[in-house]
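Summary of structural features
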Amino acid sequence: MSPLLKRGLTFAALALALALAANKSNPLAGRVAGAPVECISLAPGATNGPQIVDDHTILYRQSGKRIWRTGPVGTCPGLRPLATMIVDVYGSQLCHNDRFRTIEPGMSIPSASCRLDRFTPYDKK
């Protein structure tokens, strides 16, 4: 393969990666943040999640109209989009300072414990 062709393929791959990143949808776009709360309900059918967006954003969806945003208090090793969260739940609510751990795909040992921050509701405009 000629160096010019190799350089062109590299440029095309980079352009495709940048285009995909720019088109990645923001799940909170078009929504308005409300006042943070201490706890959310985990009643069956009330919320879906967690969805790890990045190292500081965790989402729980509620009936399609509301999304709850939380994250770790401080930093949390292993909080990545493909990780699985193991949440310690006591009762029917998930609350600020509840503990959770993460497991990377293919691993069997979870991360250190982390704590959840407050939950901010995001509603459609």
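Since we're looking at a predicted model, the values are computed, not measured.

Cut-offs applied
- Residues numbered from 1 in each chain as written.
- Predicted model: local features only at pLDDT ≥ 70, side-chain atom pairs only at ≥ 80, totals over all residues.
- Heavy atoms only, no water.
- Helix = DSSP H or I, 4+ residues; strand = E, 2+ residues; numbered from the N terminus.
- Buried < 20%, exposed > 50% of the residue type's maximum accessible area, 1.4 Å probe, protein only.
- Contact = heavy atoms within 4.5 Å.
- Areas by Shrake-Rupley, 256 points an atom, 1.4 Å probe, with all protein chains shown as cover.
- Pairing = 2+ DSSP bridges.
- Axes fitted to C-alpha atoms, helices over the stretch in contact; angles between N-to-C directions.
- pLDDT = per-residue confidence, 0-100.

**Brief notes about the overall build of the protein chain**
Of the regular secondary structure elements, the protein chain holds 1 helix and 10 strands. Counting all 125 residues of the protein chain, 27% fall into the buried class. Within the protein chain, contacts between residues separated by at least 24 positions form 54% of all contacts whose residues are at least 6 apart in sequence. Summed over all atoms, the accessible surface of the protein chain reaches about 8,200 Å², with 58% contributed by carbon and sulfur.

**Details of the side chain of H96**
Counting through the fold element by element, H96 comes out in the loop between β7 (93–95) and β8 (99–103). Those residues in contact with H96 that lie beyond four places of it in its chain are E38, V73, L116, D117, R118 and F119.

**Thoughts on the sheet that holds strand β3 (residues 48–54)**
Pairing in this open sheet of 5 strands is antiparallel, and the strands run β1-β10-β5-β4-β3 from one edge to the other. Each edge of the open sheet carries a strand with a single partner, namely β1 (31–33) and β3. For this sheet the average axis-to-axis angle between neighbouring strands, irrespective of direction, equals 30°. In this sheet, strand β10 (residues 120–124) lies alongside strand β5 (residues 66–70) in antiparallel orientation, the contact comprising 4 bridges. Counterpart to I67 in the pairing with β10 is Y122.

**Digging into the confidence of the model for the protein chain**
Averaged over all residues, the pLDDT of the protein chain is 82; the fraction at 70 or higher stands at 81%. For residues 2–23, every residue scores under 50 in pLDDT, and the model assigns this stretch 2 contacts once sequence neighbours within four places are set aside.

**Brief notes about the sheet that holds strand β9 (residues 114–115)**
One open sheet accounts for 3 strands, arranged β6-β8-β9; its pairing is antiparallel. Two strands in the sheet have a free side with no partner beyond their single neighbour: β6 (84–87) and β9. Both β8 and β9 contribute to a ladder of 2 bridges, which runs antiparallel. In the sheet register, R99 faces β9, and the bridge partner there is R115.

**Observations regarding the pairing of β8**
Relative to β8, β6 is paired through 4 bridges, and the arrangement is antiparallel. Bridge pairing in β8 links T84 to I103.

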